[in-house]
Amino acid sequence: PGDPGRKRGNPLTRMALANLIRIERVSATGRAEIGARRIYILPTRYGLIFATLLFLMLLGSVNYANNPAHLLTFLLAGLASNAIYLTWRNLRGLRLVCKGAAPVFAGERGQFIVELEKSERERPAIQLMFEDSEPELLDLRSGSGRHARQLSLAPMPRGLQRLGRLVVSTQYPLGLLRAWCYLECDRPVLVYPSPGEQWTPEGEEGEETLDGDYGSGNEDFVGLRNYHPGDQPSKIDWKSYARDRGLNTRMFSGQTSAPLWIDWDQAPGSNEEMRISALARAVIDADARGRLYGLKTPEGVIPPALGPVHRHQCLRHLAVFGSNDA
């Protein structure tokens, strides 16, 4: 069901649409600079009220041939005209970097980081927001360093979620006009599945094997070795690190459990989403215990390993399960 062409999107159609509605796009590194031709500007509600009052003042001045009233009317009109340029100028040339958001679990609020680069002039009252996020207001001082802001995102379902356009706007200096720019921030957010209830996979209490190379047993302490990326934080020797002896990992000998396989066929649940949540819970629990574990699903097998990289790989596999992003 649905239009396949719409899902894939025609590149020529997207380009024509982007040119039509003047969307600014980020580079491969996430950087963008707001161009002069990408800025929209329209009166605010107060701007419309102000324009109505000016019109009534003009009518009264003409009707009564009152020169001071003419002077006041045109003075206020000149201030409003100057505000159009200042509002537009406050956005033109603004440089941003879309840093993206760290992975979150379904139902949690994500934090999308946008960094505003150093500005040669002051830029007051800059507002950042996505269509479904809360606005973030900030002031940029002249010559100040980079400003990083976190935009709170609404809870999202599992998967690789596209956030849509980032809206950068301002109402400086008088609040009579609003200038804004649409920024296509191509930084999707990875949403892990929500962990289900705890359960015990088959093999959790399985037979044990002797670890003769002092790799990852849990019994007797035998010494320290240099830290390797992916080592469990619970096995890092923080005392030696506090004494400026570098980052080391504690080694143990003895018995260690055989690799645990977290299998789709064993997961409890009456539907696909419940099984995915159960598998996510098993991955989190195995990682917390420092247990060597692997993951089996109908869409692939992830060999047993340890560490945060392996945990992320398993949870990402479950997050995009059944989607085109797998």
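Just so it is clear, the structure is predicted and the values come from calculations on it, not from any experiment.

Engineer: Would you mind showing me how to read the overall build of the protein here?
Structural biologist: Regarding its fold elements, the protein presents 7 helices and 19 strands. In the protein, once contacts between residues fewer than 6 apart in sequence are set aside, the share between residues at least 24 apart is 64%. Element-wise, carbon and sulfur atoms account for 53% of the exposed surface of the protein, whose accessible area totals about 19100 Å².

Engineer: When you look at the sheet that holds strand β19 (residues 300-305) in this model, what are you seeing that I'm missing?
Structural biologist: Think of a sheet as strands paired side by side through backbone hydrogen bonds, with each pair either parallel or antiparallel. One open sheet accounts for 3 strands, arranged β17-β18-β19; its pairing is mixed. Strand pairing shows two members of the sheet lacking a second neighbour, β17 (260-263) and β19, which therefore form its edges. Neighbour-to-neighbour, the strand axes of the sheet open up by a mean angle of 15°, direction not taken into account. By the bridge criterion, 4 bridges tie strand β18 (residues 293-297) to β19 in an arrangement that is antiparallel.

Engineer: Please clarify how the state of the cysteines should be interpreted in this entry.
Structural biologist: A covalent bond between the sulfur atoms of two cysteines is what we call a disulfide. Considering all chains together, one arrives at 1 disulfide under this definition. Note on cysteine connectivity: Cys 98 is disulfide-linked to Cys 185, with sulfurs 2.1 Å apart. Here the residue Cys 98 occupies a position in strand β4 (residues 95-101), and Cys 185 occupies one in the loop between β12 (177-184) and β13 (189-192), the gap between them amounting to 87 residues. Across this residue pair, the class does not change: Cys 98 and Cys 185 are buried.

Engineer: Quick question: what am I supposed to make of the packing of aromatic side chains here?
Structural biologist: The geometry of an aromatic ring pair is captured by the separation of the ring centres together with the interplanar angle, meaning the angle of the planes. Per the stated rule, a full pass over the model turns up 6 aromatic pairs. A ring pair is formed by Tyr 40 and Trp 180, whose centres lie 5.4 Å apart and whose planes are at 15°; its orientation type is stacked. Of the two residues, Tyr 40 is situated in strand β3 (residues 40-43) and Trp 180 in strand β12; the sequence distance between them amounts to 140 residues. Using a relative accessible area of 12% as the deciding quantity, one classes Trp 180 as buried. On the basis of an interplanar angle of 65° and a centroid distance of 5.9 Å, the ring pair of Tyr 40 and Tyr 182 is categorised as edge-to-face.

Calculation criteria
Throughout, a residue's number is its position along its own chain's written sequence, starting from 1. The model is predicted, so local features are restricted to residues of pLDDT at least 70 and side-chain atom pairs to those at 80 or more, both for listing and for counting; the totals for chains, interfaces and linings are taken over all residues. The side-chain numbers reported here are obtained from all heavy atoms of the structure, hydrogens and water having been left aside. Helix and strand definitions follow DSSP, with helices as H or I runs of at least four residues and strands as E runs of at least two, each counted in order from the N terminus. Only heavy atoms matter for contacts: two residues are in contact if any of them lie within 4.5 Å across the pair. The method behind every accessible area is Shrake-Rupley, applied with a 1.4 Å probe, and residues are considered shielded solely by the protein chains displayed. Following DSSP output, two strands are said to pair if at least two bridges run between them. The axes used here are C-alpha line fits, helices contributing only the stretch in contact, and every angle between their N-to-C directions lies in the interval 0 to 180 degrees. Sulfur atoms of two cysteines make up a disulfide when they are within 2.5 Å. Remark: exposure states derive from per-residue accessible area (1.4 Å probe, protein chains only) relative to the maximum for the residue type, with buried under 20%, exposed over 50%, and partly exposed in between. Any pair of Phe, Tyr and Trp rings, taking the six-membered ring for Trp, is counted once the centres come within 6.5 Å. Such a pair is stacked with planes under 30 degrees apart, edge-to-face with planes over 60 apart, and tilted for the rest.

Just geometry here; none of it tells us what the structure is for.
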